Amino acid sequence: VFTASDLGVPQKRNRVIIIGSKEGSDIDINDIYSSIKDRGKLSKPKTVRDAIGELPKFTLADDSSKRDGRNISHVPLESKDLHHTPRYSNPRDVQIFREWISGNMNKSSSVEKIDFYNKLMNKSSNHAKYRNLEWDKPSPTIVAHLYKDGLMFIHPDKEQARSITVREAAFLQSFPKDFEFIGSQGYCYKMIGNAVPPEMARTIALGISSVLKQKAAV
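What you see is a predicted model; the values in this text were computed from it and never measured.

## Quick word on the nonpolar core
- Of all hydrophobic cores here, the largest spans 20 residues; its most connected members are Ile52, Ile142, Leu146, Ile164, Leu172, Phe181 and Ile192.
- Those elements that provide at least two residues to this core are helix 2 (48-52), helix 5 (166-172) and helix 6 (185-194).
- If one sorts the elements of this core by residue count, helix 5 sits on top with 5 residues.
- Those residues in contact with Ile164 that sit more than four places away from it in its chain are Leu133, Ile142, Leu146, Phe153, His155, Ala169, Leu172 and Tyr189.

## Points about helix 3 (residues 91-102)
- For helix 3, which comprises 12 residues, the first-to-last C-alpha distance of 17 Å matches the rise-based estimate of 16 Å (1.5 Å per residue) to within 8%.
- All of the buried residues in helix 3 are Asp93, Val94, Ile96, Phe97, Trp100 and Ile101. Viewed along the axis of helix 3, the buried residues span an arc of 165°, placing them on a single side of the element.
- In the core, the buried residues of helix 3 are packed alongside strand 3 (58-60), strand 6 (74-76) and helix 4 (110-121).
- Following helix 3 by one or two positions, Asn104 adopts a phi angle in the positive range, close to 50°.

## A closer look at a nonpolar patch on the surface
- Judged by side-chain polarity, Val1, Val16 and Ile18 come together as a nonpolar surface patch covering roughly 380 Å² of accessible area.
- On the secondary structure map, Val1 appears in the segment before strand 1 (2-3).

## As for unusual backbone geometry
- Within the chain, Asn122 stands out as a residue other than glycine whose phi angle is a positive 55°.
- In this structure, Ser174 is a non-glycine residue whose phi angle is positive, near 75°.
- Position of Ser174 relative to the elements: it lies in the loop between helix 5 and helix 6.
- Classification of Ser174 as buried rests on a relative accessible area of 16%.

## Focus on the packing of aromatic side chains
- According to the stated counting rule, one finds 8 aromatic pairs in the structure shown.
- On the basis of an interplanar angle of 45° and a centroid distance of 4.9 Å, the ring pair of Phe179 and Phe181 is categorised as tilted.
- Looking at Phe179, the relative accessible area reads 35%, which means it is partly exposed.
- Grouped by ring-pair contacts, the aromatic residues Trp100, Phe116, Tyr117 and Tyr130 constitute a single cluster.
- The aromatic ring of Tyr117 is capped on one face by Lys129, whose charged end is 5.7 Å from the ring centroid.
- Positioned above the aromatic ring of Tyr147 is the side chain of Lys190, whose terminal nitrogen or guanidinium carbon lies 4.2 Å from the ring centre.

About the criteria used
Residues numbered from 1 in each chain as written. Predicted model: local features only at pLDDT ≥ 70, side-chain atom pairs only at ≥ 80, totals over all residues. Heavy atoms only, no water. Core = buried A, V, L, I, M, F, W, Y, C linked by side-chain atoms within 4.5 Å. Buried < 20%, exposed > 50% of the residue type's maximum accessible area, 1.4 Å probe, protein only. Helix = DSSP H or I, 4+ residues; strand = E, 2+ residues; numbered from the N terminus. Contact = heavy atoms within 4.5 Å. Expected span 1.5 Å × (residues − 1). Arc of directions from axis to C-beta. Patch = residues over 30% accessible without salt bridge, like charges linked within 9 Å, V, L, I, M, F, W, Y side chains within 5 Å. Areas by Shrake-Rupley, 256 points an atom, 1.4 Å probe, with all protein chains shown as cover. Salt bridge = Lys/Arg side-chain N within 4 Å of Asp/Glu carboxyl O. Phe/Tyr/Trp six-rings, centres within 6.5 Å; stacked < 30°, edge-to-face > 60°. Lys NZ or Arg CZ within 6 Å of the ring centre and 35° of its normal.

Quick look at the structure:
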């Protein structure tokens, strides 16, 4: 089991990685696993701040703001990146996001988190619905469910009071800055959530390559 945050990705994402070799080969699979782990140690663990801290900020839009006929809740202060555009958050969600971060609710018990949601929404759910990213930690696993809502991926800046953008999700998955995503916002969230983090894949590939090169040199 490898954790993406140990392999250069600003995200806690555990994955079972199975590597095989041809029967009769003189390659020791344990050497490959060790090589991958050692490569992961070459870089300092990355945080949410490292990944998205420098991205342009957003401010709340006027209630009447629209774009292409659709209501928008946030407007960019400087960004022109189409992938760095928050999904619409209604005034109730904006207030909830701020209360959640201000109350440091991530550190609350499961019961308190569930009560927070049920009291606000007059519901009787058995599951917590909210979570914010934390600046100085890796992100939780970026999931495909993001295409439905971003309630478990609230941006750590309470003043922005929003969920993360496609670009932020991509950076937390370690996609390069120049990577272009094709499709609707929801489809892009799903594609990113389903992906293997590129930096994790690169580190694994280099770990395998290193062992093969050593064998070839003998």
